[in-house]
Amino acid sequence: MMPPKRHTYTGVIKDEGAAIILKDDGGFSLVINMNGFNPHADRAALLPFVGKRVSIEGMVPPRSDELIVGSIADIKPLAAPKRKLGGPKP
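Residues numbered from 1 in each chain as written. Predicted model: local features only at pLDDT ≥ 70, side-chain atom pairs only at ≥ 80, totals over all residues. Heavy atoms only, no water.

Q: Before we go on, may I ask you to explain the overall build of the protein in this structure?
A: Of regular secondary structure, the protein possesses one helix and six strands. The helix and strand sequence of the protein, counted from the amino end, reads β-β-β-α-β-β-β. Counting across all 90 residues of the protein, residues that qualify as buried make up 24%. About 6400 Å² of surface is accessible on the protein, with carbon and sulfur atoms providing 59% of the total. (Helix = DSSP H or I, 4+ residues; strand = E, 2+ residues; numbered from the N terminus. Buried < 20%, exposed > 50% of the residue type's maximum accessible area, 1.4 Å probe, protein only. Areas by Shrake-Rupley, 256 points an atom, 1.4 Å probe, with all protein chains shown as cover.)

Q: What is the right way to read the sheet that holds strand E4 (residues 53–58) from this model?
A: Picture the strands of a sheet paired through backbone hydrogen bonds; they go either parallel or antiparallel. The mixed open sheet is built from six strands, whose spatial order is E5-E3-E2-E1-E4-E6. Of all strands in the sheet, those bounded by a partner on one side alone are strand E5 (66–68) and strand E6 (75–77). This sheet shows a mean twist of 40° between the axes of neighbouring strands, independent of strand direction. (Pairing = 2+ DSSP bridges. Axes fitted to C-alpha atoms, helices over the stretch in contact; angles between N-to-C directions.)

Q: Would you mind showing me how to read the pattern of salt bridges here?
A: Pairs can form between side chains of opposite charge whenever their charged atoms are close. In this structure the tally under the stated criterion is three salt bridges. The residue Arg-6 makes a salt bridge to Glu-57 at a minimum N-O spacing of 3.1 Å. With a gap of 51 residues between them, Arg-6 in the segment before strand E1 (7–15) and Glu-57 in strand E4 connect regions that are remote in the sequence. We classify Arg-6 as partly exposed; its relative accessible area is 37%. Here Arg-6 makes a salt bridge to Asp-74, at a shortest N to O gap of 3.3 Å. Residue Arg-6 is found in the segment before E1, and its partner Asp-74 is found in the loop between E5 and E6; the two are separated by 68 residues along the sequence. The structure contains a network of salt bridges with shared partners spanning Arg-6, Glu-57 and Asp-74. (Salt bridge = Lys/Arg side-chain N within 4 Å of Asp/Glu carboxyl O.)

Q: So what exactly am I meant to see when it comes to the confidence of the model for the protein here?
A: The predicted coordinates ought not to be read in detail in places where the model reports low pLDDT. Averaged over every residue, the pLDDT of the protein is 86; residues scoring 70 or more account for 87%. Ranking the elements of the protein by mean pLDDT puts helix H1 (residues 39–46) last with 86 and E6 first with 95. (pLDDT = per-residue confidence, 0-100.)

Q: Please clarify how the environment of Glu-57 should be interpreted in this entry.
A: Judged by relative accessible area, Glu-57 falls into the partly exposed class, the value being 35%. Along the primary structure Glu-57 and Arg-6 are separated by 51 residues, whereas in three dimensions their C-alpha atoms are 6.4 Å apart. The residues contacting Glu-57, other than those within four sequence positions of it, are Arg-6, His-7, Thr-8, Val-69 and Asp-74. Here the side chain of Glu-57 touches Arg-6 through a polar contact of 3.1 Å, side chain to side chain. (Contact = heavy atoms within 4.5 Å. Polar contact = N/O pair within 3.5 Å; in protein donor to acceptor, adjacent residues only side chain to side chain.)

Encoded structure:
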């Protein structure tokens, strides 16, 4: 079986208490795992991104809800999506 490939995922990082998750644009939630052995250090590193829209490069193993990220450098803040202004055109 081949290891999962790295992909780019976009969404908003949320703090769910027990875990930090990426709520992606498709409505799915992925638990972010910094591929480390210290969950408290991973949590502290991810807290500055909570509530922000980001792009994350990482891997999701088959039949898993974990997004494995190599380092903080793989997380890039994005601008909020542009809202449509005004109503229907006459």
